[in-house]
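# Observations on the three-dimensional arrangement
So the chains spell out like this:
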Amino acid sequence: DAKTTQPNSMESNEEEPVHLPCNHSTISGTDYIHWYRQLPSQGPEYVIHGLTSNVNNRMASLAIAEDRKSSTLILHRATLRDAAVYYCILRTNYNNNDMRFGAGTRLTVKP
Amino acid sequence: DTEVTQTPKHLVMGMTNKKSLKCEQHMGHRAMYWYKQKAKKPPELMFVYSYEKLSINESVPSRFSPECPNSSLLNLHLHALQPEDSALYLCASSQDDRGGASNQPQHFGDGTRLSIL
């Protein structure tokens, strides 16, 4: 499986945008980029996913580089509730339900 | 509240005990998963069921025995566990994405925190 690299931790101020980077230089053409987050004492939660084009939903935006070797999860206005570990995961299409987590980025939001 | 329900939320057991973890979903998902998560680490995939059949077993020791009795239920039977098996056990479900059904998002429960004495 292609690997992802994320910073161990990031800090943000409340009500400011947050850009969480992910590098995936060995991504293949059939790999989707997924983001999940895990709030304290909860199971992981799906955030967003994409293949080539940028994606928006009610939780976040996903910006994918033109060469697809990196992506950025964008939280437009961080709240204290967004403090979590954010995981960037590559999932190959036709992948038989397989999903593996990397180390993730721990996001701290300061009031 | 999550749509995947795990019971119990906490479990303490001795190394000679037999217990079971339960997971239930009513979203019509045909893929179900068990993950193990140690403190400050990411979840690790243990088992995947697709249409009630075991499709992935990540070389998990036989003291962990999964069971999928129907499309809504997933069990993890525990026997003769070791202290290093203490962890958070997470269940998830999704639409099955065999044959390229576009990478269905997984829905997770909040886990069972297991402590082995």
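Before going into details, it helps to say that this report is about the structure given with it. (Residues numbered from 1 in each chain as written. Chains lettered and ligands numbered in written order. Predicted model: local features only at pLDDT ≥ 70, side-chain atom pairs only at ≥ 80, totals over all residues. Heavy atoms only, no water.)

Once that is clear, we can look at the pattern of salt bridges. Evaluation of the coordinates by the stated rule reveals eight salt bridges over all chains. Here the salt bridges do not stand alone but share partners, grouping Arg37, Glu45 and Asp82 of chain A into one network. (Salt bridge = Lys/Arg side-chain N within 4 Å of Asp/Glu carboxyl O.)

Among the secondary structure elements, His34 of chain A is positioned in strand β3 (residues 31-38). Note on His34 of chain A: relative accessible area 0%, which makes it buried. Setting aside residues no more than four positions away along its own chain, His34 of chain A makes contact with Tyr46, Ile48, His49, Tyr87, Cys88, Ile89 and Arg91 of chain A together with Asn103 of chain B. (Helix = DSSP H or I, 4+ residues; strand = E, 2+ residues; numbered from the N terminus. Buried < 20%, exposed > 50% of the residue type's maximum accessible area, 1.4 Å probe, protein only. Contact = heavy atoms within 4.5 Å.)

Across the boundary between the two partners, chain B contributes 31 residues, which contact 24 residues of chain A. Carbon and sulfur atoms supply 47% of the area that chain B and chain A bury against each other, a total of about 2,000 Å² over both sides. At the junction of chain B with chain A, the criterion picks out one salt bridge. Glu58 of chain B is paired through a salt bridge with Arg100 of chain A; the nearest N and O atoms lie 2.9 Å apart. On the surface where chain B and chain A come into contact, there are five residue pairs in polar contact (both at pLDDT 80 or more). Where the side of chain B that touches chain A is concerned, the elements lending two or more residues are β4 (31-37), β5 (44-50), β6 (53-57) and β9 (87-94) of chain B. When residues in the side of chain B that touches chain A are grouped by element, the largest group, four residues, is from β4 of chain B. (Buried area = accessible area lost by both parts, 1.4 Å probe. Polar contact = N/O pair within 3.5 Å; in protein donor to acceptor, adjacent residues only side chain to side chain.)

This brings us to the packing of aromatic side chains. What characterises a pair of aromatic rings is the spacing of the ring centres plus the angle enclosed by the ring planes. Under the counting rule described, the total for this entry stands at nine aromatic pairs over all chains. A ring pair is formed by Tyr36 of chain A and Phe108 of chain B, whose centres lie 6.2 Å apart and whose planes are at 80°; its orientation type is edge-to-face. Placement of the pair is Tyr36 of chain A in strand β3 and Phe108 of chain B in strand β10 (residues 107-108), with the two residues belonging to separate chains. Side by side, Tyr36 of chain A and Phe108 of chain B carry an identical accessibility label, which is buried. (Phe/Tyr/Trp six-rings, centres within 6.5 Å; stacked < 30°, edge-to-face > 60°.)

This part covers the nonpolar core. By size, the foremost hydrophobic cluster in this structure holds 22 residues, and its most contacted members are Trp34, Phe64, Leu76 and Leu78 of chain B. What Leu76 of chain B contacts, discounting residues up to four positions off in sequence, is Lys19, Ser20, Leu21, Trp34, Met46, Phe47, Phe64, Ser65, Pro66 and Tyr89 of chain B. (Core = buried A, V, L, I, M, F, W, Y, C linked by side-chain atoms within 4.5 Å.)

What follows is about the sheet that holds strand β2 (residues 18-23) of chain A. All names here are of chain A. As summarised here, the arrangement of the four strands in space is β2-β7-β6-β5, forming an open sheet in which the pairing is antiparallel. Edge positions in the sheet fall to β2 and β5 (55-56), since each of these pairs with one other strand and no more. Relative to strand β6 (residues 61-64), β5 runs antiparallel, the two sharing two bridges. Counted as the bridge partner of Val55 is Leu62 from β6. (Pairing = 2+ DSSP bridges.)

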